[in-house]
Amino acid sequence: GVAITNGETGQRRLRGMPLLQRHSCQNSIILDQTVNGFEFTHRGSIATKMVIVKSSMQEILPFAAEMLEKMIAAESQQLPDFADVLAGLAIQYNWDDKQAAAVAVGTEGKETRAGVVNGVTHAAKLYENPDERMDMEILGGRILVAPDSIFAQAAKNYQMSERL
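Given the structure is predicted, the values throughout are model-derived calculations rather than measurements. (Residues numbered from 1 in each chain as written. Predicted model: local features only at pLDDT ≥ 70, side-chain atom pairs only at ≥ 80, totals over all residues. Heavy atoms only, no water.)

Caption draft 1: Region of interest: the environment of Y127. One can find Y127 in the loop between α4 (113–123) and α5 (130–145). Relative accessible area serves as the criterion here: at 18%, Y127 is assigned to the buried category. Residues Y127 and L86 lie 41 residues apart in sequence; the distance between their C-alpha atoms is 19 Å. Beyond its immediate chain neighbours, meaning those up to four positions away, Y127 contacts Q99, E132, R133 and M136. (Helix = DSSP H or I, 4+ residues; strand = E, 2+ residues; numbered from the N terminus. Buried < 20%, exposed > 50% of the residue type's maximum accessible area, 1.4 Å probe, protein only. Contact = heavy atoms within 4.5 Å.)

Caption draft 2: Fine view of the pattern of salt bridges. This structure, assessed with the given rule, holds one salt bridge. Where R133 meets E137, a salt bridge forms, and the shortest distance between an N and an O atom there is 3.6 Å. Of the two residues, R133 and E137 both sit in helix α5, four residues apart, roughly one turn of that helix. For E137, a relative accessible area of 9% gives the class buried. (Salt bridge = Lys/Arg side-chain N within 4 Å of Asp/Glu carboxyl O.)

Caption draft 3: Summary view of the environment of Y158. Topologically, Y158 is positioned in helix α6 (residues 149–163). In this structure, Y158 is in contact with D84, A87, G88 and I91, ignoring residues within four places of it in sequence.

Caption draft 4: How the structure looks around the layout of surface pockets. When its volume is computed, the largest pocket comes out at roughly 180 Å³. Forming the walls of the largest pocket are 14 residues, and the residues nearest its centre are R22, M71, E75, A114 and N118. Contributing elements (two or more residues each) for the lining of the largest pocket: β2 (14–22), α1 (46–74) and α4. The class makeup of the residues in the lining of the largest pocket is six nonpolar, four polar and four charged. (1 Å grid on protein atoms, 1.4 Å probe; cavity = no way out; pocket = protein on both sides within 12 Å on 5 of 7 lines; lining within 4 Å. Points joined across faces, edges and corners; volume = space filled by probe spheres on them. Nonpolar A, V, L, I, M, F, W, Y, C, P; charged D, E, K, R; others polar.)

Caption draft 5: Looking closely at the nonpolar core. Ranked by internal contacts, the top residues of the largest apolar core, which has 31 residues, are W95, V116, V120, M136 and I143. Elements with a minimum of two residues in this core: α1, α2 (82–92), α3 (97–106), α4, α5 and α6. Discounting chain neighbours no more than four positions away, the residues touching V120 are W95, V103, M136, L139, G140 and I143. With six residues, the next largest nonpolar core counts L19, I30, M134 and I138 among its residues. (Core = buried A, V, L, I, M, F, W, Y, C linked by side-chain atoms within 4.5 Å.)

Shown next as structure tokens:
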């Protein structure tokens, strides 16, 4: 689908981005790549902006379909040193213990790329602030499409921190 955002506090622009949503738990995975979506300020003709939004949705949907394919592939992508990967991501993204625990629970025991993505988007539910929640949902999308090296680097970062 398509995520349409409009910040409540003036900190965000009107944006449209590819979206996957798990209906079983309502986790949203958002891909924040402006090349695959739209973003603009609220100035100008409302009618013109609405035409842009509606026409952009058609162009965003194929990217959401690509995300679905990546998520299906991610479900079988096992991650070695999974606990170290989660601990390393917690360090990299400055998650506190509550956030890290929510990510771990959200993996549903799956030690895969999809498990990490689901964990991160599950943890987004901790945030009452809609901007912070969306940031976690976008992080889930980034992790979904990130190169495999992100996991190896996260595990290495954790292992190095344990040696200090």
